[in-house]
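# Results of the structural survey
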Amino acid sequence: MTMSFREVVHPAGWQSGHAAACKAVYAGSIPTSASKPWSPIHMATKSFHFVDDYRELVRDMIARYPLAEAMSRAVGGHLTAVGQIEKRLLIGYGLKPEHTLVDVGCGPGRLAKQLIGYFTSGRVLATDVVPEFVDYARIGCPANWQFAVVEDTRIPFAKDEADFASFFSVFTHLLYEESFSYLIEARRVVKPGGFIVFSFLEFEHNWQIFKDTVKAVRQRRPIVHLNMFIGRDAIEQWARRLGMSIIDIRTASDPFVELVEPVIYDDGKRSEDKVAFEQSVCVLRNDKVQHERRVLWDSFWESSPSPTDSQ
Ligand SMILES: C[S@@+](CC[C@H](N)C(=O)[O-])C[C@H]1O[C@@H](n2cnc3c(N)ncnc32)[C@H](O)[C@@H]1O
């Protein structure tokens, strides 16, 4: 297995929004300087960590490299190879040429571009927090596919619009509450019986990422973005509370993705037949109709203000 889906290693001297935010938090829980007194208004203008972190990362890459290379580097490289693997992974779970896929955190359109030749009446509805990614992702895609910039955990598409929602290497950079908020949104936009696929990090299988992050912390190097690990107990609770069934969980090293043609990596290596994803993968089925009938759905999630307007 030669696939490599490494997280971005930050260059020396990198200063991220997250790093700056951490500094403020470590220095004291609430900023106290006379020039910037704490106020709810001040807090309301703060961006989410992922917005600052990813926009800064992508803009730094664009400043250093030609655009295509910058786009690839900003999502860990191997743009085409990993896109092909993501496509085959989803097809393996039943993605059809006539389906609608919501791809959250689409990056530079790694997956969308691979689906251009596969989807017939199907389409991609994609979001990302980085405008440069969204602009790049939409290049070459059919006009009826939609690409939206978001700044929170909103999925700005209609209820029951999608057959599938994917989050490839997105929950890996979010707090648990943010990932769960996204699952509430995915529950809304995915049809009853549709699927939600997300990749995640586990300590047992992705120890090197944790180790590298600890090393950066101990060397007092700022961290480009969060690297979050998710335990299976959390996934079980989230699925239960959202009325979803866990259909499958695969570990990072499990070669479960069946390829129909070889994939070639940036370094010229190739994989064929079956490959692992190098992050764990969870597939949930959206059982919302049956679940609502059993009145188990926690109406708190609906009464709490949704980031998406009246859907
Ligand atoms: C490691 S990249 C993966 C990109 C893409 N899914 C892929 O497989 O190539 C993580 C992506 O998530 C995006 N992202 C981070 N936080 C997000 C959020 N709250 N909503 C949408 N996208 C987000 C980043 O901008 C980045 O494009």
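A brief structural summary. Quantities reported herein were computed from a predicted structural model and do not represent experimental measurements.

The next point concerns the overall build of the protein. A count of helical and extended segments in the protein gives twelve helices and eleven strands. When each of the 311 residues of the protein is scored for burial, the buried share is 51%. A sequence separation of at least 24 residues applies to 76% of the contacts in the protein between residues at least 6 apart. Surface exposure of the protein reaches about 15,100 Å², of which carbon and sulfur atoms provide 54%.

One pass over the structure, following the stated rule, counts 17 aromatic pairs. Arranged with centres 5.1 Å apart and planes meeting at 90°, the rings of Phe203 and Phe210 form a pair that is edge-to-face. Taking relative accessible area as the criterion, Phe203 reaches 42% and is therefore assigned partly exposed. For Phe210, a relative accessible area of 29% puts it in the partly exposed group. Three or more aromatic residues link up through ring pairs in this structure, and these residues are Phe167, Phe171, Tyr182, Phe198 and Phe200. Arg73 extends its terminal NZ or CZ atom over the ring of Tyr65, reaching a point 4.0 Å from the ring centre.

The full set close to the ligand counts 20 residues, and Glu86, Gly105, Arg110, Asp128 and Tyr182 are the nearest of them. One of the backbone nitrogen or oxygen atoms of Gly107 is found 3.5 Å away from an oxygen atom of the ligand. In this structure, a nitrogen atom belonging to the ligand sits 2.6 Å away from a side-chain N or O atom of Tyr182. Coverage of the ligand by the protein chains reaches 99% of its 590 Å² of free accessible surface. Looking at the shell around the ligand residue by residue, the class counts come to twelve nonpolar, four polar and four charged.

With that settled, the discussion passes to helix α10 (residues 232-242). Ala234, Ile235, Trp238, Ala239 and Leu242 are the residues of α10 that are buried. For α10, the buried positions fall inside an angular range of 130° around the axis, keeping them on one side. With respect to the buried face of α10, the exposed residues turned more than 90 degrees away are Asp233 and Arg240. At the exit of α10 stands Gly243, carrying a positive phi of roughly 70°.

Our focus in this paragraph is the side chain of Lys87. Tracing the backbone shows Lys87 in helix α5 (residues 79-92). Notably, Lys87 is buried but unbridged: the nearest opposite-charge side chain belongs to Glu261, and the N-O separation is 5.9 Å. Excluding its chain neighbours within four sequence positions, the residues that come into contact with Lys87 are Leu111, Gln114, Leu115 and Tyr118.

Moving on, we get to the environment of Leu67. Tracing the backbone through its elements, the reader meets Leu67 in helix α4 (residues 67-74). Placed 65 residues apart in sequence, Leu67 and Glu132 show a C-alpha to C-alpha distance of 9.9 Å. Not counting chain neighbours up to four residues away, the residues in contact with Leu67 comprise Ile62 and Tyr136.

With that out of the way, let us pick up unusual backbone geometry. Residues other than glycine seldom take positive phi values, yet Asp160 does so here, at roughly 60°. Even without being a glycine, Ser169 presents a positive backbone phi close to 55°. Looking at the element boundaries, Ser169 is found in the loop between β4 (162-167) and α8 (176-189). For Ser169, a relative accessible area of 13% translates into the label buried.

Across the interface, helix α3 (residues 49-64) lies against α4 with an axial gap of 8 Å and an inter-helix angle of 145°. Classified by chirality, the crossing of α4 by α3 is right-handed. Across the interface between the two elements, Tyr54, Leu57, Val58, Met61 and Ile62 of α3 pack against Leu67, Ala70, Met71, Arg73 and Ala74 of α4. Here the contact of α3 with α4 is built from residues that sort into nine nonpolar, no polar and one charged.

What follows is about the side chain of Arg55. Of note, Arg55 is situated in helix α3. Arg55 sits in the buried class, given a relative accessible area of 16%. Not counting residues up to four positions away in its chain, the partners in contact with Arg55 are Val129, Val130, Pro131, Val149, Val150 and Glu151.

Calculation criteria
Residues numbered from 1 in each chain as written. Predicted model: local features only at pLDDT ≥ 70, side-chain atom pairs only at ≥ 80, totals over all residues. Heavy atoms only, no water. Helix = DSSP H or I, 4+ residues; strand = E, 2+ residues; numbered from the N terminus. Buried < 20%, exposed > 50% of the residue type's maximum accessible area, 1.4 Å probe, protein only. Contact = heavy atoms within 4.5 Å. Areas by Shrake-Rupley, 256 points an atom, 1.4 Å probe, with all protein chains shown as cover. Phe/Tyr/Trp six-rings, centres within 6.5 Å; stacked < 30°, edge-to-face > 60°. Lys NZ or Arg CZ within 6 Å of the ring centre and 35° of its normal. Near = heavy atom within 4 Å. Polar contact = N/O pair within 3.5 Å; in protein donor to acceptor, adjacent residues only side chain to side chain. Nonpolar A, V, L, I, M, F, W, Y, C, P; charged D, E, K, R; others polar. Arc of directions from axis to C-beta. Lys, Arg positive; Asp, Glu negative; His and termini not counted. Salt bridge = Lys/Arg side-chain N within 4 Å of Asp/Glu carboxyl O. Axes fitted to C-alpha atoms, helices over the stretch in contact; angles between N-to-C directions. Left-handed = near helix turned anticlockwise from the far one by under 90°.

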